[in-house]
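# Inside the fold
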Amino acid sequence: RKEVEQDPGPFNVPEGATVAFNCTYSNSASQSFFWYRQDCRKEPKLLMSVYSSGNEDGRFTAQLNRASQYISLLIRDSKLSDSATYLCVVQAGTLTFGKGTMLLVSP
Amino acid sequence: ETGVTQTPRHLVMGMTNKKSLKCEQHLGHNAMYWYKQSAKKPLELMFVYSLEERVENNSVPSRFSPECPNSSHLFLHLHTLQPEDSALYLCASSQERGAGRLDYGYTFGSGTRLTVV
């Protein structure tokens, strides 16, 4: 079983759509959780941390379910500039990355 | 100046060459990492340095040799690489807190795109 598993993608959505990314992790001892964004041929950048209570940052909402070992990211009113690969990241010691899910937002 | 700087940005080397990748962080972090990113694979952790001590080596072949002379600098020395080592090599840094918990994840450099011919 993969340590961090994400939807394979890509997701193709029109501008203004709502899109949800799902992620599961295998290590129940994981301590911290993040979503990173990686643009083509660029480095990953932290999008947001994920907390058990759920957290929101503008159009982005992240949820964590420790019992199910499941993390989600919801993007509302998607913009062209949201096109990127979204990486689910889990920390148990060091960070472990999922393969990422590519999002393509079209006009 | 960006938080984590990597040089060179691109590198092409032959299988018999010796080269080094350099990483410098200006964030005052106490941990640094080397990751490898190959096409269609998740980022793979290679080495971890905490307070200049190597604390993790994820079964990386000896043709990759890390060096951390101080808390701001990290090198990856390369020799006799293989074509399958061609990848994006990313350096990252973080500030470890109590019990190793991270609140802010890692900050990555822009990476070195390595091609072995």
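Residues numbered from 1 in each chain as written. Chains lettered and ligands numbered in written order. Predicted model: local features only at pLDDT ≥ 70, side-chain atom pairs only at ≥ 80, totals over all residues. Heavy atoms only, no water.

### Quick look at the side chain of Ser 72 of chain A
Residues and elements named next belong to chain A. As a reminder, the rule being used: In DSSP terms, a helix is any run of H or I states spanning at least four residues, a strand is any run of E spanning at least two, and both are numbered starting from the N terminus. Burial classes: relative accessible area under 20% of the type maximum marks a residue as buried, over 50% as exposed, and values in between as partly exposed (1.4 Å probe, protein chains only). Here a residue-residue contact requires only that any non-hydrogen atoms of the pair lie within 4.5 Å.
In this fold, Ser 72 is placed in strand S8 (residues 70–75). The exposure class assigned to Ser 72 is buried, which follows from its relative accessible area of 13%. Setting aside chain neighbours within four positions, we find Ser 72 in contact with Phe 21, Asn 22, Trp 35, Thr 61, Ala 62 and Gln 63.

### Remarks on the nonpolar core
What counts here: Residues enter a nonpolar core if they are buried and are Ala, Val, Leu, Ile, Met, Phe, Trp, Tyr or Cys, with the set joined through side-chain atoms within 4.5 Å.
Counting 23 residues, the largest nonpolar core has Phe 21, Trp 35, Ile 71, Leu 73, Ile 75, Tyr 86 and Leu 103 of chain A as its most contacted members. Elements with a contribution of two residues or more to this core: strand S3 (19–25), strand S4 (32–38), strand S5 (44–50), strand S7 (60–65), S8, strand S9 (84–92) and strand S11 (101–106) of chain A. Dropping the residues within four chain positions of it, Leu 73 of chain A is found in contact with Val 19, Ala 20, Phe 21, Trp 35, Leu 47, Met 48, Phe 60, Thr 61 and Tyr 86 of chain A. Core analysis: the second largest hydrophobic core is formed by 22 residues, Leu 21, Phe 47, Phe 64 and Ala 87 of chain B among them.

### Topic: the state of the cysteines
Among covalent bonds in proteins, the disulfide is the one between the sulfur atoms of two cysteines. The test is simple: Cysteine sulfurs are considered disulfide-paired once they come within 2.5 Å of each other.
The tally for this structure, following the rule as stated, stands at two disulfides over all chains. The disulfide bridge from Cys 23 of chain A ends at Cys 88 of chain A, spanning 2.0 Å between sulfur atoms. The chirality of the disulfide connecting Cys 23 of chain A with Cys 88 of chain A is left-handed, given an S-S dihedral of about -75°. With Cys 23 of chain A in strand S3 and Cys 88 of chain A in strand S9, this pair connects stretches of sequence that are 65 residues apart. Under the relative-accessibility criterion, Cys 23 of chain A is labelled buried at 1%. On the accessibility criterion, Cys 88 of chain A (0% relative accessible area) is buried. The disulfide partner of Cys 23 of chain B is Cys 91 of chain B, and the gap between their sulfur atoms is 1.9 Å. Since a negative S-S torsion denotes a left-handed disulfide, the Cys 23 of chain B-Cys 91 of chain B link at about -70° is left-handed. A residue pair is termed long-range when its members are at least 10 positions apart, and Cys 23 of chain B in strand S3 (residues 18–25) and Cys 91 of chain B in strand S9 (residues 87–94) qualify at 68 residues.

### What to know about the interface of chain B and chain A
The line we're drawing: Accessible-area loss on putting two parts together, using a 1.4 Å probe and summing over both, is the definition of buried area adopted here. Each salt bridge in this description consists of a side-chain nitrogen of Lys or Arg and a carboxyl oxygen of Asp or Glu lying within 4 Å of one another. Whenever a nitrogen or oxygen atom comes within 3.5 Å of another N or O atom, the pair is scored as a polar contact, on the condition that within protein one atom can donate a hydrogen and the other can accept it, and that pairs from neighbouring residues in sequence are kept only if both atoms are in side chains.
In this complex, chain B contributes 24 residues to the contact, which on the side of chain A involves 19 residues. Note on chain B versus chain A: buried area summed over both sides is about 1700 Å², and carbon and sulfur give 50% of it. At the boundary of chain B with chain A, the tally comes to zero salt bridges. Taken together, chain B and chain A are joined by five residue pairs in polar contact (both at pLDDT 80 or more). Elements supplying a minimum of two residues to the side of chain B that touches chain A: strand S4 (31–37), strand S5 (44–50) and S9 of chain B. Per element, the largest residue contribution to the side of chain B that touches chain A is three residues, and it comes from S4 of chain B.

### Focus: the layout of surface pockets
Definition in use: We place a 1 Å grid over just the protein atoms. Points where a 1.4 Å probe fits but has no way out form a cavity, open points with protein on both sides within 12 Å along at least 5 of 7 lines form a pocket, and any residue with an atom within 4 Å of a point lines it. Grid points are joined across faces, edges and corners, and a volume is the space filled by probe spheres set on the points. Each residue gets one label: Ala, Val, Leu, Ile, Met, Phe, Trp, Tyr, Cys and Pro are nonpolar, Asp, Glu, Lys and Arg are charged, and the others, such as Gly, are polar.
One number sums up the size of the largest pocket: a volume of about 770 Å³. Along the walls of the largest pocket sit 28 residues, with Thr 85 and Lys 99 of chain A together with Gln 37, Ala 39 and Lys 40 of chain B positioned nearest its centre. Sorting the residues of the lining of the largest pocket by element identifies strand S1 (4–6), S9 and S11 of chain A together with S9 of chain B as the ones contributing at least two each. It is S1 of chain A that contributes the most residues to the lining of the largest pocket, three residues altogether. Residues that form the lining of the largest pocket fall into these classes: nine nonpolar, nine polar and 10 charged. Around the second largest pocket sit 21 residues that line it, and Glu 3, Leu 95, Thr 96 and Phe 97 of chain A together with Leu 43 of chain B are the ones nearest its centre. Elements that contribute at least two residues to the lining of the second largest pocket include exactly S9 and strand S10 (94–97) of chain A together with S5 of chain B.

Any functional reading would require information that these geometric values do not contain.
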